[in-house]
Amino acid sequence: MKALPLALLALLALRVPAQEPEKSFENQTEDNVSKQEALNESQRLSVKDTFSSQEEQAKKEKNEERGRHLYKTSIKILKHSKRKKEKNEAYQLLTKAADLGNLKAMEKLAAALLFGYHVPQNITAAVALYETLAEKGSHKGQTVLGFMSSYGIGVEYNQAKALLYYTFGSLGGNLISQMILGYRYWLGINVPRNCEAALINYKKVAKFIADKLGKHDDMPVEKMRLMERSENMSYNNVFLDWDVQQYYKFLAKRGDTQIQVYLGQLHLVGRKGVEKDHSKAFYYFLKAAKAGNANGMAFLGKMFLEGSVAVIQSNATAFKYFTMAAEKGNAVGIWGLGLLYFQGRGVPLNYTVAFKYFEEAAEKGLADAQLQLGIMYHSGTGVKKDYKLAFKYFYVASQNGQPIAVYYLGQMYAAGTGVFRSCQNAVELYRSVCELGSWSEKFLTAYFAYQAGETDSSLVQYAFLAEMGYEVAQSNSAYILESEKVKILREDHKYPLAFLLWKRAAAQGNAFARVKTGDYHFYGYGTKKNYVTAAFYYSLAADHHNAQAMFNLAYMFEHGLGIPKDIYLARMWYAVAAKTSPDASIPVFLATLKLEVTVFLREMKFFKIITQWKLSELDNILGPHWDLLVVAVIVILLLLLISNRY
C-alpha cells in the first residue's frame, strides 16, 4: 500500500476536525450550569438596558413636550404683550425651551442675542447657538452663519464659507438664503454673474411673497435713510410724531371722516410708527361709515371679507358694506362686489358680472381692479385669453403700486408670455416683490435702535438687510461704519467694509453712494488711492445732478487728477454745481476765486520772471495747499476792506 501524498494529508487535516477527548459527566454538568448562568446574566442586562432605554426615551419625549409648551407660551406673550417686563419673562421662557433642545426656541433666542431684540446684544452667545443649530441642520442657523462670515461679525471674515452656508440654507428652503444668492448671482458677487441663476432664486421667493400678499393687504415698510436724517429732529416725515398722532386723534374724535379712515388704514397694517391694531382700525372705519364716508364702508367690507381678531369673517356683511360704498360710486366698494362674484362668496359665481364691476373700478384708477382684469385676461377666466391685454392691465396696476401685478409681470418676462423674454427685466421685477417680505420689518427696528443709541444692534440689522440686496440698508450700514461708535468690528476692518457697502449701493444707482465711493478711491480709504476710478464715480453721480460730485469733478479738472487738466471744464463744473444746489454757492465762490487767482498769477509775466522756481517748487516750500492759503488771505483782505468801508 502506497503512502498518501503530503498535500492530501494536509487537506484531510483541514476537513476532518480532531476529536476532543470525552468529558466526564461531572464536567459536562458544570459546563451546562455555567452556560445557563451566563445566559441568565445576559438576559438580565438586556432587560435592564431595554428598561433604561425606554426610560431615557420617555424622559426625552417629556423634555421635548415641555420645550414645545414653553416655546408656544413665550411666543404668545411676545405677540400680545407690550410691557418690557412681560417680554423679559417671555425670553426667559425661550431660554428654558432652548436649554431643553427646542430648535425654534434656539432660533428665536439666537436672533434676539444677535440683533439685540429685547435682550442685551451678545454676539458670542449668538454664534454658539447658531453653530449648534447649523450642526442640527437648521437652515436658519446656516443662513445667519453665512451672513456673519460675510461681514466678519463674531466669526472669521470668509466669503467662501459664507457662500457655502448660503447654499446649504437655500437647499434647506430658506427664503433669505435664496434671496441673497439671487442678489449675488445678479451682480456677480463672489460668484460668476449669472442672470438665469438669479432668476431661479428670486422666483422662489417672489412666489411665496405674492401668495402671502394675495391673502392679506399690506403696505411697504418705511425705509429711512440715516444720512438724510435731520440732526435736530427726533422724527422724520416717514413716521408720525406723537404730537401729530394726538392731533389726528383729536380731529377724528371731532368727526373728520377722512382722518378717521386714514387712522384706520394705519392701524390696519401698522405703518408710520402707528401700532397694528385691527380693533382700532375697525373702530375708525365704523365711525367714518356711520357718518356716511364711502371709504369707511368699503374698508369695513374688506375687513369682513378677510376676517381678523377684531371681526368675524362674514361674506354677507362684506356684501352689505361693499354695496353701500358702491352705491356712492366708491371704487373699492365696486371692486369688492366684483371680487365676491368672481370667487362666488355669498353670491352666485358670475364671471360676467365680476368683469363688469372690475372694469368700472379700473376706470376709476383702482390698482386692485386693474390687477383682477389682468388675471382674468391672463388665465382666460370669463373672457377670451389675451396676453397683450393682461400685460397692459398688469403694467398699469404695477405703476399704481400693486405688488402682485409686479409679480405677474415678472412671470410674463421670465416665460416670454405676451412679451419678448427678458431675464434682466424678470429679475428686477421679482426682486422688487421679494423686498416686500416680512424681513423688511427690520428697517423699523434698526432705525429705532439707531435713535436709541444702540449702534451695534442697528448695524447688524441693517447689514443683514444689506446682504439681501436692499440699497437703503447698504447705505445705512456704511454710514454707521464710518462713525466711531461701532464696537463689534475691528478698526482695520471698518473702512474696507464700508467701502464695499458704498460700492454695492453705488451699483444700484444711489448718487450719494457714488460720491462716497469716489471719495474712498480719491483718499485711499479702505482701498488703494485711484484718481481715475474716483473721477469715474464722480461722473456717474454728476449725471444724477449731484452738486458735490460736480464740485469734485471741477477740482479734479483744475488740478489734472485722474483726468486731463482743463481749466475751462473746471469753470464749467463749478458753475453747474452752484446752479444745481444753493448750498454749493459759497464753496464754489471760494474755489472759483482761488482758480482765477491762480490762473492770473500763472499768466503774469513778472511773476514768471521773479518765480523762476515754477509752481511745483512753490509747492515744496509752502506746502501742497498753498493756493488755499492765498484764497484765505484774499478773503481776509476783502473782509477788512468791507469792514473799513462800513
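Not measured: the values here are computed from a predicted model.

Q: Explain the pattern of salt bridges here, please?
A: Oppositely charged side chains can pair when the atoms bearing their charge come close. Counted by the stated rule, this structure contains 13 salt bridges. With a shortest N-O distance of 3.0 Å, K594 and E558 are connected by a salt bridge. Remark: E558 occurs in helix α27 (residues 547-559) and K594 occurs in helix α29 (residues 585-603); sequence separation between them is 36 residues. The class for K594 is buried, based on a relative accessible area of 5%. For E596, the salt bridge identified is with R571, shortest N-O distance 2.9 Å. In this pair, E596 sits in helix α29 while R571 sits in helix α28 (residues 567-580), placing the two residues 25 residues apart along the sequence. On the basis of relative accessible area, E596 is assigned to the partly exposed category, the value being 31%. One salt-bridge network, held together by shared partners, links R184, E467 and R504.

Q: Looking at this model, I keep getting lost on the side chain of T455. Mind explaining?
A: As for its position among the elements, T455 is in helix α22 (residues 455-467). A residue is classified by how much of its surface remains accessible, and T455, at 8% relative accessible area, is buried. Apart from residues no more than four positions distant in its own chain, T455 is found in contact with I480, S483, K485 and V486.

Q: For this particular structure, what's the right way to read the side chain of S440?
A: Relative to the helices and strands, S440 is located in the loop between α20 (423-434) and α21 (442-451). Looking at S440, the relative accessible area reads 4%, which means it is buried. Filtering out sequence-adjacent residues up to four positions away, S440 remains in contact with V221, E435, L465 and Y470.

Q: How should unusual backbone geometry be read in this particular structure?
A: Note: most peptide bonds trans; most residues except glycine with negative phi. Its identity is not glycine, yet N190 carries a phi of approximately 65°, on the positive side. On the secondary structure map, N190 appears in the loop between α8 (175-187) and α9 (195-215). On the basis of relative accessible area, N190 is assigned to the partly exposed category, the value being 46%. Unusually for a residue other than glycine, H545 sits at a positive phi of about 60°. With relative accessibility at 59%, the residue H545 sits in the exposed group.

Q: Would you mind going over the packing of aromatic side chains with me for this structure?
A: The geometry of two aromatic rings is summed up by the distance between their centres and the angle between their planes. Going through the model one piece at a time under the given rule, you end up with 32 aromatic pairs. When the ring of F551 is compared with that of Y574, the centres are 5.3 Å apart and the planes differ by 65°; the resulting orientation is edge-to-face. Within this pair, whereas F551 is found in helix α27, its partner Y574 is found in helix α28, the two being separated by 23 residues in sequence. Residue F551 shares its accessibility class with Y574, and that shared class is buried.

Q: Would you take a moment to explain the packing of helix α17 (residues 367-379) against helix α19 (residues 403-415) for this structure?
A: When two helices pack together, their arrangement is captured by the angle between the axes and the distance separating the axes. For the pair α17 and α19, the least separation of the axes is 10 Å and the interaxial angle reads 30°. One element, α17, and the other, α19, form an angle in the roughly parallel class. Of the two elements, α17 crosses α19, and the hand of that crossing is left-handed. Where α17 abuts α19, its residues L371, I375 and H378 lie against I404, A405, Y408 and M412. Here the contact of α17 with α19 is composed, by residue class, of six nonpolar, one polar and no charged.

Q: What should I look at first to understand the packing of helix α15 (residues 331-343) against helix α16 (residues 351-363) in this one?
A: Put simply, α15 and α16 touch, their axes get as near as 8 Å, and they point 160° apart. Compared by their axis directions, α15 and α16 come out roughly antiparallel. In this structure, α15 meets α16 at a crossing whose hand is left-handed. Only Y351, V353, A354, Y357, F358, E360 and A361 of α16 make contact with α15, whose side of the interface consists of A331, I334, W335, L337, G338, L339, Y341 and F342. Residue composition of the contact of α15 with α16, grouped by class: 13 nonpolar, one polar and one charged.

Q: Quick question: what am I supposed to make of helix α12 (residues 278-290) here?
A: Each turn of an α-helix holds 3.6 residues, which means side chains three or four residues apart point in the same direction. Taking 1.5 Å as the rise per residue, α12 with 13 residues should run 18 Å; its terminal C-alpha atoms sit 18 Å apart, in good agreement. If you check which residues of α12 are buried, you get A281, Y284, F285, A288 and A289. Projection of α12 onto a plane perpendicular to its axis shows the buried side chains occupying an angular sector of 135°, all on one side. Sitting at the head of α12, D277 places a side-chain oxygen 3.0 Å from the backbone nitrogen of S279. Of the residues flanking the end of α12, it is G292, one or two places downstream, whose phi is positive at about 95°.

Q: Help me understand the environment of K76 in this model?
A: Here K76 is to be found in helix α2 (residues 25-80). Taking C-alpha positions, K76 is 8.5 Å from A90, a pair spaced 14 residues apart along the chain.

Q: Would you mind showing me how to read the nonpolar core here?
A: Soluble globular proteins tend to bury their nonpolar side chains together. Ranked by internal contacts, the top residues of the largest apolar core, which has 149 residues, are L114, Y130, F147, F394, W439 and M468. One finds Y538, F557, A577 and L595 within the second-largest nonpolar core, a separate group that totals 26 residues.

Q: Help me out: how do you make sense of helix α14 (residues 315-327) in this one?
A: Relative to the 18 Å expected for 13 residues at 1.5 Å per residue, α14 spans 18 Å between its end C-alpha atoms, a close match to the ideal helical length. The complete set of buried residues in α14 reads A318, Y321, F322, A325 and A326. The buried residues of α14 occupy an angular sector of 140° when the element is viewed end-on, so they sit on one face. Structural note: α14 exposes A316 and E327 on the side pointing more than 90 degrees away from its buried face. Here the buried face of α14 lies against α12, α13 (294-306) and α15. One or two steps after α14, the chain reaches G329, where phi turns positive at roughly 80°.

Thresholds, definitions, all that
Residues numbered from 1 in each chain as written. Predicted model: local features only at pLDDT ≥ 70, side-chain atom pairs only at ≥ 80, totals over all residues. Heavy atoms only, no water. Salt bridge = Lys/Arg side-chain N within 4 Å of Asp/Glu carboxyl O. Helix = DSSP H or I, 4+ residues; strand = E, 2+ residues; numbered from the N terminus. Buried < 20%, exposed > 50% of the residue type's maximum accessible area, 1.4 Å probe, protein only. Contact = heavy atoms within 4.5 Å. Phe/Tyr/Trp six-rings, centres within 6.5 Å; stacked < 30°, edge-to-face > 60°. Axes fitted to C-alpha atoms, helices over the stretch in contact; angles between N-to-C directions. Parallel < 35°, antiparallel > 145°, perpendicular 65-115°, else oblique. Left-handed = near helix turned anticlockwise from the far one by under 90°. Nonpolar A, V, L, I, M, F, W, Y, C, P; charged D, E, K, R; others polar. Expected span 1.5 Å × (residues − 1). Arc of directions from axis to C-beta. Polar contact = N/O pair within 3.5 Å; in protein donor to acceptor, adjacent residues only side chain to side chain. Core = buried A, V, L, I, M, F, W, Y, C linked by side-chain atoms within 4.5 Å.

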